[in-house]
Amino acid sequence: MRSLIDTHDPRLRVYLTGFVLALALTILPFSLVVFKVLPETWALAVVGGLAVVQMGVHLHYFLHLNLSASERSNLLSLAFAAVIIFMMAGGTMWIMFNLHYRMMA
Amino acid sequence: MSDATMPPMHGSALVMEEARVHDERAFGFWIYLMSDAIIFSLLFATYAVMVDRTAGGPQAHSLFDLSYTFGETMLLLFSSTTFGLASLAIRAENKGAVLFWLAVTFALGAGFVAMEIFEFHGMVAAGAGPERSGFLSSFFTLVATHGLHVTTGLIWIVVLSIEVLVKGLSAPVTSRIHRLGLFWHFLDIVWVGIFSVVYLPGSF
């Protein structure tokens, strides 16, 4: 019976590092909301920032995205998707909040 | 390109051609994931617009239980890591370990879906179903779209586990597991957005 984990594989360390980082980046925002150490606006801004960092951790340690040449097309399509998301999601919120401000306030 | 137009290939040339095809498929799948990310981002934008439109119905604060959400988050994070261990087992060409870690990933993912169904059932039973307000419509659309993706991933895990059992760790099978891994890790990234945009702000 071979062991379930190949401890000689250098990628094991990569996955475990990603797991520990993601765990820390999850516990931190949850405790910010539970213990309310910061005022709401600041706390939620930090929560958003930590979410972006954690997404980066997942992309790097679990999806093995990096700046090497072999990953360039993956990275480029991610960057393109990010631009589209910025325009479509950001634009949606900009227009709708502006409309709300003009109609209701 | 059909086989008839290809020159006959042998040995390492065939292996290299197969690897190139699998790389291409992984990239194609990556492009699908990026378009899926755009869909999710628009559901997030819709939620952000609708979150205060409660129409006199229940508000986020009274509906969410953070320790419950934390449990769901842990199930998905652990399942993402155990899928990584399945990928390592493929590199070690250890069929038993691949099947074991896929099974663990399935169990954790199924636990997540079960918790989500239980949560939704409780909300609908308490009169906070998707038809109650714009806030709840957008909440159920966003979170359930993610939940349906996870359910699809679960079915996919079962199918590929059977393929591993029947065909072994052949190159086509491992390339499919690789794409399933991209899908599974991607869903955990979307969940990070969901707890950061929906559950944490709603519980402050």
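Residues numbered from 1 in each chain as written. Chains lettered and ligands numbered in written order. Predicted model: local features only at pLDDT ≥ 70, side-chain atom pairs only at ≥ 80, totals over all residues.

### Quick notes on the packing of helix α3 (residues 66–91) of chain B against helix α4 (residues 95–125) of chain B
Residue and element names in this part refer to chain B. Where α3 contacts α4, the two axes come as close as 8 Å, and the packing angle between them is 160 degrees. Comparing the axis directions of α3 and α4 gives the class roughly antiparallel. The chirality of how α3 crosses α4 is left-handed. For the contact of α3 with α4, the per-class residue count stands at 17 nonpolar, six polar and three charged. (Axes fitted to C-alpha atoms, helices over the stretch in contact; angles between N-to-C directions. Helix = DSSP H or I, 4+ residues; strand = E, 2+ residues; numbered from the N terminus. Parallel < 35°, antiparallel > 145°, perpendicular 65-115°, else oblique. Left-handed = near helix turned anticlockwise from the far one by under 90°. Nonpolar A, V, L, I, M, F, W, Y, C, P; charged D, E, K, R; others polar.)

### So, the confidence of the model for chain A
For chain A, mean pLDDT is 94; residues scoring 70 or higher make up 98% of the total. The secondary structure element of chain A with the lowest average pLDDT is helix α3 (residues 72–104) of chain A, at 95, and the one with the highest is helix α2 (residues 40–62) of chain A, at 97. (pLDDT = per-residue confidence, 0-100.)

### Things to note about α3 of chain A
With 33 residues, α3 of chain A should reach 48 Å at 1.5 Å per residue; the first-to-last C-alpha distance of 47 Å fits that figure. Within α3 of chain A, only one of the 33 residues are buried, leaving the element largely exposed. (Expected span 1.5 Å × (residues − 1). Buried ≥ 20, exposed ≤ 12 C-beta atoms within 10 Å, placed from the backbone.)

### Describing the environment of Gly-129 of chain B
Residues and elements named next belong to chain B. Inspection of the secondary structure puts Gly-129 in the loop between α4 and α5 (134–167). Each C-alpha atom of the pair Gly-129 and Phe-140 lies 8.1 Å from the other, and the pair is eleven residues apart in sequence. With near-sequence residues (within four places) excluded, Gly-129 lies in contact with Met-123, Val-124 and Leu-136. (Contact = placed C-beta atoms within 7 Å.)

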